[in-house]
Amino acid sequence: MEAKRREDVDMSSVLACWNSVYNSVSIMVNRATPYHTDVNGREPWLDMLVTVGDYPPLDFIVPTLNLRFRYNPGTVIAMSGSALEHGVGHTNGNRACLAYYMRHNVQQSVGVQLCPPSNLKDLEPLVNIKRRALSNLYPPFQEAQKGRPTAKRGTSCTNCCRTTHASHPFHRIQQWTGNFFEDSALHMDYLQTGLQLHLGHGGAPCPSASANEVPPLSGQSRPTTAGKDGDQTKGDRQDTPTMDDDEWEDVDNIPLHLRPPVGSKHLTIVDVTGVHFVLLFRAKLCPSTFDKPSTAFTFSVLDDFLRDNVECGTSGMNYYSKLRRVTSNVFPHLVVDRYRELLWVARQWRLLKLLKWSGFQDNMNPSKDGDLVIFCAACPQPGINVGPTANLDESWKYTRAVVMDGNFKAEHMHERRPDDQVWIMDGRGFMVRNPPYQAYLKATPHITEKSSCNNHKAISQASASHGKLNSTGVGATACVRHGCFYPHSVVDFQKGERQLNMDYSLTHALSYNMTGIGNVLCFYDINCTYMKNLRRRIESSDLLHLPPSLRITAGIGMWHVHGHKKECYTRYSPLFIKGAGWVDGEIIETLWSTLNIVSASTCGMTSPHRQELLDFQMNDSNFMKMIRMADSLSRKLKTARASVVLARDAFERFNKAITPEQQRNWGRQEETALLRRVHDPSVMDVFEIQLKKAPTVHAVELRLLEKSPRPGVHHGAASWITHGLAIEEAEIILNIYRKDNGPNPSELKKLTIARRAEKLSADRSRFIADGRIYLQVDDEFERSDESDGRTDLMLGQDTLDDEDAVSNDGYSDSSLVEVFGRASSNNPTSPYLPLPSKFGSAYCKAKKLHRLAQMELELRMGQANDALHGLCLALADKAVIFRGVVRPATNYSMRTRAWQMIHSIDTSVKQCAAIYRQCRLAMIALGADSDILDRYQELQKSHLSATVAAFTQGAHDHRDSHLPWFWTMDIPKDTDSKSWLSEFYRIHWLRAKAAKDRWEEENKLVTSEFVWVVNFFQYRAKRWNEIYMAKKLAGNRGAACYAARQQAVYDRLAEQAELIWQGMNPDDNPFHHGM
């Protein structure tokens, strides 16, 4: 009657001839059935299975009870298919199975209530007791603890497992087989029970839905029915796909829990717990495509991948390989491959994250360069953290300090399909927009700059070509004080670190929130060369722009500046830059380590994908700097306050030791240099010693080579003599090394001595052979065996123990035959080398070798200058180590290491002293006049020590200290003897004042940066409040809630910064709310 009332003609005709108490029947022919439980029945209902046909013996298996039944033709089995898992294997032959069973959805479809199972009521206690016993002895399901760990790993029956995981569909489970727990999957249970996944109301069905309403499965208009042997009947649905024998054979080698669902449309879900198959597409699932999606990624897996990528550098391939292992550690290769889909979705997810974090939820606003990323909270940004009343022109505090550098780890290979690119956030991050940058590169020729400094790699390899790479690295600009990347300023290198690339980066960085700022402090490794023609390069390009009024002060980081010429230290070191505060200018080097985490994985990506990944990584770096900025500034402020006191004390000690006139003169020198340094960096040389340095041996050699050859002197004679002096120095050093090791050195040291002696012997042989040319020795002067019976002196062995160790035994009026004979002896340490000084000045004049002797005299003076300079440095180092290492040593190991350093310096002192004494003897033999010998006095043993006070800045007995003559040999002779250290005082005073000024600036800068940071957080909070009001007015509750949360985050950051400041300055509150 109900069927007639509902006018279901098909159902009415079937009911008229239906002769079974069961409402469903299925026929399965020659099918193997995997283990399963029926999903649409009731546990108290008994289903009936009848098997007929002609086939070999076969078993009916109930793994839940660990039972096997003979399933011969004619067998009838009555059982609860919903309570007990069962299955039938494959057999050869013809077999058919008739399955009679009840389905509650059939009753619901015709509106007939289910009959109470009164005839089975007595069996229910027995079934429940047996199920509980089996659950204790052989629990069918347990939590596998893969992916995210659960709070409790327990066991449960099928129903309990299904109920527990209704709101946790992506947990991994295992099923008891009778002997062990085997990997299973929740999607298998869902297909058999017909459960729905409810994503709202905490996993429960929507209370507003009808009690009898069953939401249709994805892709289905009516529910399907599962056959008793595992086949799915068509029921009311005519397009449900079926599987033939070949399809079953294709999947026989794949474990059941890894097989996609059969007979129904499904989504492949990728989660941190592995790869799953579900029948719903609801919230918090991100599809891999919007056109007929079949794969989705949970928000949690995308967030987890981004975290792994940012923090650990995990590539997409490695991450998906991990998910495969999570899905099945035994068969990871059989898990479906969704690696490419992961890359596609991750790119979109990064963009969505940046849009959300930047307040562009609707993405309807016009995009601007760098609008999706954040910049430094502590750098002055007019209109953001600097108010309109600030005097940007006059205050040095508003100087924008930047640092540039290149990173050659971020390489990029050539792309196979460069035209097939999809740019989704080009230029909206830190990497510059690609089309304008490529146009600039084509329009701008590379001009090779000739460096006037050392041969730096950034200059010498700027044009180096790398054919296999599309990009050899990246160049970036960051703030020098806090290490935050500048938005829209990171460029790709096509070859080396060319100036045209860095020009593009710098100009775009200096156009970011710079309104009203007129001073820039720019640090770069090669600024001594880079800044020379910067304005000219920018003015010659139509695609670059810098305001003409912008004042740029060049600097070089403290680590790199020591690799430049000596002059670059005072011209570009941050210590001598007004307004720099206390910075090292090298902070960008620390940022590369963060970027290099992902650089390796970007090498083979497409250009858009690489750009997005690098942008996201740099934005994360800036974000982490921002949230920790208040703590960082508090540490800086504590250091600055302590250091400024020490710097002032040190300066005052120097200030008291000089006259008021000197203070005024030296102060004017400093002021003038700092004002003119932007246009002429050489004015900063006032911070160096203003004394003419004595020429070195190489300077003398270069001067002699540049002169036209003297009559009677072969070309290259100066280099030949210099070679001889180097051999002589090596022999002295070898003899001192031999003596220091004692009469019984170790085998390793003996080997070292033998090798060095062998090398010296070869050098001597070559030098003697060349000497026959330069000394114009005829063939009649062959090796002479005559000897005067004198023993050759081992020069340098007793250099410091005996002042007479170096004698003039090798310097006498000897003939060419005698000198060449002794020089050619087998003794590698013989003092006889065929130099003009070995013959004496009289013999040289007689043989017309006086011009050659004059050249050696000049070179000997340069060699003596080098030796005395090395002696000064060694003695100064010794004094510093005594004061700073030996005296403070508190234990045996520290004292041992300190004295090892002293012994090493003593060796250097011995070597320099011996070389100088050798030079002076040679000068005497060459006929040096009294002026030269007065300048290069005799070196006594007492000269080789100096009091620590003489090298201590501000020491009380400094003026009464007397240093040996060679410390003042470069000072003009008309200098007052009482003020011979005046130049040294001037340098120390200027540098002590510079250190004091920088620390005072640092103290003021950090104080201002605290205010700017609080203003920045308040600005961001105000902006999120505006977004909140707009979204609330528009009725977008989700976006409004997110905006309110972001506003609370920035309010909390501002409050934290204020609390940190107040904890350090209880009586000072520089913050003005509502900027």
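Each remark here, short or long, concerns the structure printed above.
Small disclaimer: the values here were computed from a predicted structure and weren't measured.

Enquirer: For this particular structure, what's the right way to read the nonpolar core?
Expert: For soluble globular proteins, the rule of thumb is that nonpolar side chains tend to be buried together. The biggest cluster of nonpolar side chains holds 88 residues, and the ones touching the most others in it are L510, Y530, I552 and F1017. Ranked by the residues each element gives to this core, the list is headed by helix α31 (residues 982-1034), at 15 residues. Discounting chain neighbours no more than four positions away, the residues touching F1017 are A377, M626, Y1050, L1053 and A1054. In this structure, L704, L775, L835 and A864 belong to the second largest nonpolar core, which totals 53 residues.

Enquirer: So what exactly am I meant to see when it comes to the sheet that holds strand β19 (residues 400-407) here?
Expert: Hydrogen bonds along the backbone pair up the strands of a sheet, which may run parallel or antiparallel. Pairing within the open sheet is mixed, and its five strands lie in the order β23-β22-β19-β24-β25. Pairing within the sheet leaves two strands with one partner each, and these edge strands are β23 (491-493) and β25 (551-555). Across this sheet, the average inter-strand angle for adjacent strands is 25°, counted without regard to direction. Pairing geometry for strand β24 (residues 519-523) and β25, over five bridges, is parallel. Counterpart to L521 in the pairing with β25 is T553. Against the sheet, helix α18 (residues 587-599) contacts β19 and β22 (473-479), and its axis sits at roughly 50° relative to β19.

Enquirer: Got a minute to help me understand the environment of A1039 in this structure?
Expert: One can find A1039 in helix α32 (residues 1037-1064). A1039 gets classed as buried once you look at its relative accessible area, which sits at 8%. For the pair A1039 and K356, spaced 683 residues apart in the sequence, the C-alpha separation amounts to 8.9 Å.

Enquirer: Sorry if this is basic, but what is going on with a nonpolar patch on the surface here?
Expert: A cluster of nonpolar side chains, contributed by V14, L15, W18 and V25, occupies part of the molecular surface with about 320 Å² of accessible area. With respect to the helices and strands, the residue V25 is situated in strand β1 (residues 24-29). On the accessibility criterion, V25 (36% relative accessible area) is partly exposed.

Enquirer: Help me understand the pairing of strand β6 (residues 76-79) in this model?
Expert: Residues in a regular strand project their side chains so that they alternate between the two faces of the sheet. Where burial is concerned, the two faces of β6 differ: the one with I77 and M79 is buried and the one with V76 and A78 is not. Looking at chain direction, strand β3 (residues 47-54) and β6 are connected through four bridges and run antiparallel. Following the sheet pairing, L49 is matched in β6 by I77.

Enquirer: Sorry if this is basic, but what is going on with the packing of aromatic side chains here?
Expert: Summed over all chains, the structure comprises 25 aromatic pairs. Ring geometry for F305 against Y319: centres 5.1 Å apart, planes inclined by 45°, an arrangement best described as tilted. Here the residue F305 occupies a position in helix α8 (residues 299-312), and Y319 occupies one in helix α9 (residues 316-327), the gap between them amounting to 14 residues. A relative accessible area of 2% means that F305 is categorised as buried. On the basis of relative accessibility, which here comes to 1%, the residue Y319 falls in the buried class. Grouped by ring-pair contacts, the aromatic residues F375, Y486 and Y512 constitute a single cluster. One residue, R537, lies across the ring of Y530, its end atom 4.9 Å from the ring centre. Looking at R1023, its charged tip hangs above the ring of F360, at a distance of 5.8 Å from the centre.

Enquirer: Even after reading the chapter, I still don't get the sheet that holds strand β7 (residues 86-88), so can you show me in this structure?
Expert: Pairing is antiparallel across the open sheet formed by four strands, whose spatial order is β2-β7-β4-β5. A strand with exactly one partner marks an edge of an open sheet, and here the two such strands are β2 (33-36) and β5 (67-70). The mean inter-strand angle of the sheet, taken between neighbouring strand axes irrespective of direction, is 20°. Taken together, the two bridges between β2 and β7 define a ladder with antiparallel strand orientation. From the neighbouring strand, H36 faces β7, where its bridge partner is H86.

Enquirer: Would you take a moment to explain the pattern of salt bridges for this structure?
Expert: Pairing between side chains becomes possible if they bear opposite charge and their charged atoms approach one another. Applying the stated criterion across every chain, the model contains 30 salt bridges. Note that E1009 and R481 form a salt bridge whose closest N and O atoms lie 2.6 Å from each other. Within this pair, whereas E1009 is found in helix α31, its partner R481 is found in the loop between β22 and β23, the two being separated by 528 residues in sequence. Take E1009 and R481: they sit in the same class, and that class is buried.

Enquirer: Would you take a moment to explain the pairing of β22 for this structure?
Expert: The element β22 is extensively covered by neighbouring structure, given that seven of its seven residues are classed as buried. Summarising the sheet, β19 and β22 pair through six bridges and their orientation is antiparallel. The residue of β22 that forms the bridge with N407 is V474. Where β22 and β23 come together, three bridges link them in antiparallel fashion. For V474, the partnering residue across the bridge sits in β23 and is D492.

What counts, and where the lines are drawn
Residues numbered from 1 in each chain as written. Predicted model: local features only at pLDDT ≥ 70, side-chain atom pairs only at ≥ 80, totals over all residues. Heavy atoms only, no water. Core = buried A, V, L, I, M, F, W, Y, C linked by side-chain atoms within 4.5 Å. Buried < 20%, exposed > 50% of the residue type's maximum accessible area, 1.4 Å probe, protein only. Helix = DSSP H or I, 4+ residues; strand = E, 2+ residues; numbered from the N terminus. Contact = heavy atoms within 4.5 Å. Pairing = 2+ DSSP bridges. Axes fitted to C-alpha atoms, helices over the stretch in contact; angles between N-to-C directions. Patch = residues over 30% accessible without salt bridge, like charges linked within 9 Å, V, L, I, M, F, W, Y side chains within 5 Å. Areas by Shrake-Rupley, 256 points an atom, 1.4 Å probe, with all protein chains shown as cover. Salt bridge = Lys/Arg side-chain N within 4 Å of Asp/Glu carboxyl O. Phe/Tyr/Trp six-rings, centres within 6.5 Å; stacked < 30°, edge-to-face > 60°. Lys NZ or Arg CZ within 6 Å of the ring centre and 35° of its normal.

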